[in-house]
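Coordinate inspection notes
As a plain string of letters, each chain reads:
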Amino acid sequence: MKNIKILKRTVMTLLFLAAVYATAGALTNVSAQEFKAGFMEKFYSGSSASQQSYSEQSKRKIGLEKKSLNHQKAATTYISSSEVKGPASLEEAIDFEQYPTATVVATGYTAGVESTGKSPEHPQYGVTFSGVKVKRDLYSTIAADLEVYPLGTILFIPGYGYGVVADKGSAITGNKIDLYFQTVEDVFNEWGKKELKVYIVERGNGQISEEALAELNETEALQVFREEIRKS
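Please read all numbers here as calculations on a predicted model, not as lab measurements.

Let's talk about the sheet that holds strand β4 (residues 161–167)
One closed barrel holds the 6 strands; their spatial order is β1-β5-β2-β4-β3-β6, and the pairing between them is mixed. The average undirected angle you get between the axes of adjacent strands in this sheet is 45°. Bridge count for strand β1 (residues 101–109) against strand β6 (residues 193–202) is 7 bridges, and the pairing is antiparallel. Paired with Ala 102 across the two strands is Val 198, which belongs to β6. In this fold helix α5 (residues 184–191) packs onto β1, β3 (154–157), β5 (176–180) and β6, with an angle of close to 140° to the strand it touches most, β1. Sheet strands in contact with helix α6 (residues 210–217) are β2 (139–144), β3 and β4, and its direction is about 130° off that of β2.

Examining the side chain of Asp 178
Relative to the helices and strands, Asp 178 is located in strand β5. Nearest to the buried, unbridged Asp 178 among oppositely charged side chains is Lys 176, at 10 Å. Separated by 2.6 Å, the side chains of Asp 178 and Thr 107 make a polar contact. A polar atom in the side chain of Asp 178 sits 3.5 Å from the backbone nitrogen of Gly 108. Leave out the neighbours within four places in its chain, and Asp 178 touches Thr 107, Gly 108, Tyr 109, Ile 142, Ala 143 and Ile 172.

Describing the pairing of β1
Where β1 meets β5, 5 bridges bridge the pair, whose relative direction is parallel. What sits directly across from Thr 107, in β5, is Asp 178.

Some words on the nonpolar core
Counting 24 residues, the largest nonpolar core has Tyr 149, Ile 157, Ile 177 and Leu 179 as its most contacted members. Put simply, the parts of the chain that give this core at least two residues each are β1, β2, β3, β5, α5 and β6. Setting aside residues up to four positions removed in sequence, Ile 177 forms contacts with Val 104, Val 105, Ala 106, Thr 107, Ala 143, Ala 144, Tyr 149, Leu 155, Ile 157, Ile 172 and Val 198.

Concerning the confidence of the model for the protein chain
Put simply, the protein chain has an average pLDDT of 76, and 62% of its residues get 70 or more. A low-confidence stretch, residues 39–55 (pLDDT under 50), is modelled with 3 contacts involving residues beyond four sequence positions or located in other chains.

Regarding the pairing of β2
Among the 6 residues in β2, 6 count as buried, and that is most of the element. A two-sided burial pattern is seen for β2, the buried positions comprising Tyr 139, Thr 141 and Ala 143 on one face and Ser 140, Ile 142 and Ala 144 on the other. The pairing of β2 with β4 spans 5 bridges and is classified as parallel. Across the sheet, residue Ala 143 finds its bridge partner in β4, namely Asp 167. The pairing of β2 with β5 spans 3 bridges and is classified as antiparallel. In the strand pairing of β5, Ile 142 is matched with Leu 179.

What counts, and at which threshold
- Residues numbered from 1 in each chain as written.
- Predicted model: local features only at pLDDT ≥ 70, side-chain atom pairs only at ≥ 80, totals over all residues.
- Heavy atoms only, no water.
- Pairing = 2+ DSSP bridges.
- Helix = DSSP H or I, 4+ residues; strand = E, 2+ residues; numbered from the N terminus.
- Axes fitted to C-alpha atoms, helices over the stretch in contact; angles between N-to-C directions.
- Contact = heavy atoms within 4.5 Å.
- Buried < 20%, exposed > 50% of the residue type's maximum accessible area, 1.4 Å probe, protein only.
- Lys, Arg positive; Asp, Glu negative; His and termini not counted.
- Salt bridge = Lys/Arg side-chain N within 4 Å of Asp/Glu carboxyl O.
- Polar contact = N/O pair within 3.5 Å; in protein donor to acceptor, adjacent residues only side chain to side chain.
- Core = buried A, V, L, I, M, F, W, Y, C linked by side-chain atoms within 4.5 Å.
- pLDDT = per-residue confidence, 0-100.

Set out below in structure tokens:
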């Protein structure tokens, strides 16, 4: 009997311990799951301040990525000169209708014997009445009747370009002007003799200097047209 009582107590003790262990395990498992769930929820949701900080960081990152992408695109975007359609001539680039006009007979001359009677050996070869040297450029030297167009007068002659009155001639009177060309061939091939309307851009004050002429020819906005004239 004594042995049976001891056995019963032992069995009851074992069952009690098993129940305690099972309960503790269940509680531990629930706590672990709850902790894990709570931690993940807190990690992903966070406080409102954390959410705002994360959102702002994301926006900044996206903004920087966009800026970087735009910069890369801009750095590798080029415009071919063939795609740029600008004015092909001075007549198209500038509204000359704003200036008064005059109808003239325009001829061409050179610095040579055929026009001035001077050879290259002459000390005054290529020197105009005003003292500046003849020039075919963006602003070229031309001859005119100084009673009509004083020295320094700027005319725009269609088909020729800007002309600055720097010279005179015995046969250049009234409505006649003489346009400078570098060679006799240029005179005949490019001009000859024409009656046409010219634009009086500016009336001169009776003088013109090399410095003033150089400044006109360096007008930055018109350099593309200057190159075309100089090539011709």
